[in-house]
Amino acid sequence: QLQLVESGGGLVQPGGSLRLSCAASGFTLDYYAIGWFRQAPGKEREGVSCISSSGGSTKYKDSVKGRFTISRDNAKNTVYLQMNSLKVEDTAVYYCAAKGSCRGWDTSTNDYAYWGQGTQVTVSS
């Protein structure tokens, strides 16, 4: 079945780092832009980042710019989100999703064809 699987979440101290992975099963990511989203308890889901199918264009939520880096390795059918200088407010379940392009990446969530199950990121001392 076509699906995305996130991994790499865990517990980390403030200032620490994690690298999340989004792997595709049953289809290739070559033709898809991939967005990363997160949702904290009691809060709305928000867009974190997006990368174009070629990797030539990236988008970031303002609060993570300079700290998070999205990348992809199409040969491995995987997209990554490197998270550095993590803050307590980054705590959330992180999801990846696939759609045609990063146009409207953080507002047109209905356009994403596939969603992963999420991976928990907890930043705490």
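None of the values given here were measured: they were computed from a predicted structure.

Q: What should I look at first to understand the nonpolar core in this one?
A: It is characteristic of soluble globular proteins that their nonpolar side chains tend to be buried jointly. Of all hydrophobic cores here, the largest spans 28 residues; its most connected members are Leu 4, Trp 36, Leu 81, Met 83 and Tyr 94. Those elements that provide at least two residues to this core are strand E3 (18-25), strand E4 (33-39), strand E5 (46-51), strand E7 (68-73), strand E8 (78-83), strand E9 (92-99) and strand E11 (119-123). Within the second largest apolar cluster, seven residues are counted, among which are Ala 33, Ala 97, Trp 105 and Tyr 112.

Q: Help me out: how do you make sense of the side chain of Asn 77 in this one?
A: As for its placement among the helices and strands, Asn 77 is situated in the loop between E7 and E8. Take Asn 77: its relative accessible area is 16%, and that puts it in the buried class. Ignoring sequence-local partners within four residues, the contact set of Asn 77 consists of Cys 22, Ala 23, Ala 24, Phe 27, Thr 28 and Leu 29.

Q: Would you take a moment to explain the environment of Val 121 for this structure?
A: Of note, Val 121 is situated in strand E11. Take Val 121: its relative accessible area is 0%, and that puts it in the buried class. Note: C-alpha distance between Val 121 and Lys 65 (56 residues apart in sequence) is 18 Å. When neighbours within four sequence positions are excluded, Val 121 is seen to be in contact with Gly 9, Gly 10, Leu 18, Leu 20, Met 83, Asp 90, Thr 91, Ala 92 and Tyr 94.

Criteria and thresholds
Residues numbered from 1 in each chain as written. Predicted model: local features only at pLDDT ≥ 70, side-chain atom pairs only at ≥ 80, totals over all residues. Heavy atoms only, no water. Core = buried A, V, L, I, M, F, W, Y, C linked by side-chain atoms within 4.5 Å. Buried < 20%, exposed > 50% of the residue type's maximum accessible area, 1.4 Å probe, protein only. Helix = DSSP H or I, 4+ residues; strand = E, 2+ residues; numbered from the N terminus. Contact = heavy atoms within 4.5 Å.

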